[in-house]
Amino acid sequence: MPDATVDAWTEARGRHWDLEDDWSDLWVADADGSIVGYVQVDAARLANIWIAPAAQGQGLGKRLLDLAETVIQRRGHKQARLEVFVGNDRAQAFYESRGWAEVGRDTYELAGHPVPGIVMVKDLPQD
Ligand SMILES: CC(C)(COP(=O)(O)OP(=O)(O)OC[C@H]1O[C@@H](n2cnc3c(N)ncnc32)[C@H](O)[C@@H]1OP(=O)(O)O)[C@@H](O)C(=O)NCCC(=O)NCCS
């Protein structure tokens, strides 16, 4: 992703995070009282997942992704959906290892900059 896009995004998030985001469907992972990760869902969509760099590779992402999929499935959705930026190979490989598959490409606007993205879905088991 170009540096200008990252800078503009960081600037915009710093100013508007608290005002614009709906935090009602957000879960955090904590370690000794510090937040080390979070996941957020929006209807059938995995909106965000993030694990602090020092806590990555220890299974936390897997646990939060499982939680998000369970929430989406229990709310009656047969399929979950997400977008990942082209070039975020680690996240893409992580999703693929958890049964997600690419179904298309799209372009997203990030702080006024176009960014190419990959659309992924996962069919969820029905009770
Ligand atoms: C992507 C991310 C959420 C993964 O979380 P994590 O805690 O590091 O991942 P986990 O330790 O739970 O890994 C779970 C599984 O994913 C797979 N996996 C993780 N990283 C992988 C990689 N680089 N390549 C291939 N598979 C990978 C493994 O199969 C692993 O299973 P294992 O325990 O059998 O090895 C985390 O790296 C992150 O927060 N990245 C920065 C933010 C981001 O890119 N979010 C996604 C935005 S769309």
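A. How the structure looks around the overall build of the protein chain. Of regular secondary structure, the protein chain possesses 3 helices and 6 strands. Mapped in sequence order, the helices and strands of the protein chain form the string α-β-β-β-α-β-α-β-β. Its C-alpha atoms give the protein chain a radius of gyration of 15 Å, near enough to 14 Å, the size a compact globule of 127 residues would have. Across the 127 residues in the protein chain, those meeting the buried criterion constitute 16%. Counting contacts in the protein chain only where the partners sit at least 6 residues apart, residues at least 24 apart contribute 53% of the total.

B. Representation of the site of the ligand within the structure. Looking at the ligand, there are 17 residues lining it, with Gln56, Gly61, Lys62, Ala93 and Ser97 nearest. Elements supplying a minimum of two residues to the shell around the ligand: β3 (45–51), α2 (60–74) and α3 (89–97). The biggest single contributor to the shell around the ligand is α3, with 5 residues. The residue makeup of the shell around the ligand, split by class, is 8 nonpolar, 7 polar and 2 charged.

C. Geometry of the pairing of strand β5 (residues 101–110). Little of β5 sits inside the fold, with 0 of its 10 residues counted as buried. Where β5 lies against strand β6 (residues 113–123), 9 bridges are found, and the strand directions are antiparallel. Paired with Thr107 across the bridge in β6 is Pro116. Joining the antiparallel neighbours β5 and β6 is a turn of 2 residues, in which Ala111 adopts a positive phi near 50°.

D. A look at the environment of Ile72. Looking at where Ile72 falls in the secondary structure, it is placed in helix α2. Considered as a pair, Ile72 and Leu46 are 26 residues apart in the sequence and their alpha carbons are 8.5 Å apart. For Ile72, the residues in contact, after removing those within four places along its chain, are Val41, Ala44, His77, Ala80 and Leu124.

E. How the structure looks around α2. Its 15 residues give α2 an end-to-end C-alpha distance of 21 Å, which sits within 8% of 21 Å, the value for a rise of 1.5 Å per residue. On its buried face, α2 sits against β1 (26–31), β2 (34–42), β3, β4 (79–85), α3 and β6. Gly76 sits one or two residues past α2 and shows a positive phi near 95°.

About the thresholds
- Residues numbered from 1 in each chain as written.
- Predicted model: local features only at pLDDT ≥ 70, side-chain atom pairs only at ≥ 80, totals over all residues.
- Helix = DSSP H or I, 4+ residues; strand = E, 2+ residues; numbered from the N terminus.
- Rg over C-alpha atoms; globule rule 2.2 N^0.38 Å.
- Buried ≥ 20, exposed ≤ 12 C-beta atoms within 10 Å, placed from the backbone.
- Contact = placed C-beta atoms within 7 Å.
- Near = placed C-beta within 6 Å.
- Nonpolar A, V, L, I, M, F, W, Y, C, P; charged D, E, K, R; others polar.
- Pairing = 2+ DSSP bridges.
- Expected span 1.5 Å × (residues − 1).

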